[in-house]
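Chain residues, written in single-letter form:
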There are 2 protein chains.
Amino acid sequence: MANLTVGENCGELQVALDIIVGKWKPIILFHLMENEKLRFSELQRAIPEITKKMLTSQLRELEYNDIVHREVYQQVPPKVEYSMTEYGHGLTPLLVSMRSWGTEHLKHLKELHGEDNEEQEGKAGSN
Amino acid sequence: MANLTVGENCGELQVALDIIVGKWKPIILFHLMENEKLRFSELQRAIPEITKKMLTSQLRELEYNDIVHREVYQQVPPKVEYSMTEYGHGLTPLLVSMRSWGTEHLKHLKELHGEDNEEQEGKAGSN
DNA sequence: TCAATTGGTTTCCTAAAAGTAACTAGGTAT
DNA sequence: ATACCTAGTTACTTTTAGGAAACCAATTGA
């Protein structure tokens, strides 16, 4: 992981970030945090906008990182269940903290900029 | 912000994520957390690999979100100082927690996969 | 007169992330 | 015989993030 050399101390933060960024990972994780076990198709139904490809790839990355467990039942039609690992549950407090901070920040932003301008959202629009 | 409708409860997490993702934001934030005030050029020197364009855009987003303050001195050659806002300091615990978690996770990954395979790093290499 | 200074902006380009849609296996129900 | 089911994979396209390099303005110092 090349970014480890970037900063004196922030490579580790990137490690944490890498696990939860990816447009779909947070919502996948919250569903798994709330549900104990979910089949592939249940996740698909819970997150209708996600494609199979994305769901698969995000789950595989989470599996690689030992955050979720993948249980394959040898039967037809196939059945695969996903669940948080014991280790993965250690991520929960962080996720919850981030969500709380985000909730407060939304309010803060509305006070600052008003809730009208839904366009720019801080991405410094030009370029 | 379209993602607010994605999940019942994870849009807020995305809000938090949006602020700290971006290849350079964490390191910028850590420098500002440690330094009280830094000029644009000091940040450039502190993070040599970053381009002006990236530094500018990341700082602007942080400024929009009231995390950093931008102070312009009307003089030539220009002088601009960046610092964490009071509000921005509220982000520090989260950043520190994420870094800690990342540090531990690196160890965990090495136990699982060994420290040899530096290639894939969980991005599920095929496609 | 001309280079050096700072804090940018602008245009163009590449690489990575994400989306679309078609295809697959193998057993079951019609 | 054929359509349907699940949990994917594959090939291709679009979108977004990020990078390289040139340009700029106003003043100072040589």
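Refer to the structure printed above.
Basis of the calculations
Within each chain, residues carry numbers counting from 1 in the order of the written sequence. Chains and ligands are labelled sequentially in the order written, the chains with letters from A and the ligands with numbers from 1. Two thresholds apply to this predicted model, a pLDDT of at least 70 for residue-level local features and 80 or more for giving and counting side-chain atom pairs, whereas whole-chain, interface and lining totals are computed over all residues. Computation of side-chain values covers all heavy atoms of the structure but excludes hydrogens and water. Working definition: residue near molecule or strand if any one of its non-hydrogen atoms lies within 4 Å of it. Each polar contact in these results corresponds to two N or O atoms within 3.5 Å; when the atoms are within protein, one needs to be able to donate a hydrogen and the other to accept it, and residues that are neighboring in sequence are counted only if both atoms are side-chain atoms. In this text, helices come from DSSP runs of H or I with a minimum length of four residues, and strands from runs of E with a minimum of two, each type numbered from the N-terminal end. Each residue is assigned to one class: nonpolar for Ala, Val, Leu, Ile, Met, Phe, Trp, Tyr, Cys and Pro, charged for Asp, Glu, Lys and Arg, and polar for all the others, Gly among them. Axis definition: a line fit to C-alpha positions, over the contact stretch in the case of helices; interaxial angles, taken between N-to-C directions, run 0 to 180 degrees. If an angle is under 35 degrees, it is roughly parallel; if it is over 145, roughly antiparallel; if it lies from 65 to 115, roughly perpendicular; otherwise it is oblique. Contacts between residues were defined by any pair of non-hydrogen atoms, one from each residue, lying within 4.5 Å. Any Lys or Arg side-chain nitrogen located within 4 Å of an Asp or Glu carboxyl oxygen qualifies as a salt bridge. Working definition: with a 1.4 Å probe on protein chains only, accessible area under 20% of the residue-type maximum means buried, over 50% means exposed, and in between means partly exposed.

Asker: Can you tell me about the protein's contact with DNA strand C, naming the residues and giving the values?
Answerer: Contacts to DNA strand C come from 21 residues, most closely from A:Lys23, A:Lys53, B:Arg70, B:Pro78 and B:Tyr82. Considering DNA strand C, the proportion of its atoms within 4 Å of the protein that are sugar or phosphate atoms stands at 61%. In this structure, A:Trp24 approaches DNA strand C through a side-chain N or O atom, which is 3.0 Å from a phosphate oxygen. Mapped onto the surface near DNA strand C, the elements with two or more residues apiece are α4 (52-64) of chain A together with α3 (40-46), α4 (52-64) and β3 (79-84) of chain B. The element best represented in the surface near DNA strand C is α4(B), accounting for four residues. Of the residues assigned to the surface near DNA strand C, the class counts are eight nonpolar, five polar and eight charged.

Asker: An account of unusual backbone geometry is requested, with residue identities and associated values reported.
Answerer: Residue and element names in this part refer to chain A. Note that the residue after Val 76, namely Pro 77, is joined by a cis bond; omega there is -5 degrees. If you check the backbone angles, Glu 36 has positive phi at about 70 degrees while not being a glycine. With phi around 60 degrees, Asp 66 is a residue other than glycine that occupies positive phi space. One can find Asp 66 in the loop between α4 and β2 (68-73).

Asker: Which residues make up the packing of helix α2 (residues 25-35) of chain B against α4(B), and what values go with them?
Answerer: Residues and elements named next belong to chain B. Where α2 contacts α4, the two axes come as close as 10 Å, and the packing angle between them is 70 degrees. Considering their axes alone, α2 and α4 lie roughly perpendicular with respect to each other. On α4, the residues touching Lys 25, Ile 28, Leu 29 and Leu 32 of α2 are Leu 55, Gln 58, Leu 59, Glu 61 and Leu 62. Looking at the contact of α2 with α4 residue by residue, the class counts come to six nonpolar, one polar and two charged.

Asker: Residue-level account of the protein's contact with DNA strand D, with values.
Answerer: Taken together, 20 residues lie around DNA strand D, and A:Arg70, A:Pro78, A:Tyr82, B:Lys23 and B:Lys53 are the ones closest in. When the atoms of DNA strand D within 4 Å of the protein are sorted by group, sugar and phosphate make up 67%. The contact in question runs from a sugar or linking oxygen of DNA strand D to an N or O atom on the backbone of A:Pro78, over 2.7 Å. Of all the elements in the fold, those that place two or more residues in the surface near DNA strand D are α3 (40-46), α4 and β3 (79-84) of chain A together with α4 of chain B. Among the elements that take part in the surface near DNA strand D, α4(A) stands out by supplying four residues, more than any other. In the surface near DNA strand D, the residues fall into eight nonpolar, four polar and eight charged.

Asker: I'd like a rundown of the pattern of salt bridges, residues and numbers included.
Answerer: Scanning the entire structure with this criterion turns up ten salt bridges over all chains. Residue A:Lys107 pairs with A:Glu104 through a salt bridge whose shortest N-O separation is 3.3 Å. Taken as a pair, A:Lys107 and A:Glu104 lie in helix α5 (residues 92-113) at a separation of three residues, close to a single helical turn. The exposure class assigned to A:Glu104 is partly exposed, which follows from its relative accessible area of 45%. Notably, a salt bridge pairs B:Lys37 with B:Glu81, separated by 3.8 Å at the nearest N-O pair.

Keep in mind these numbers describe shape, not what the thing actually does.
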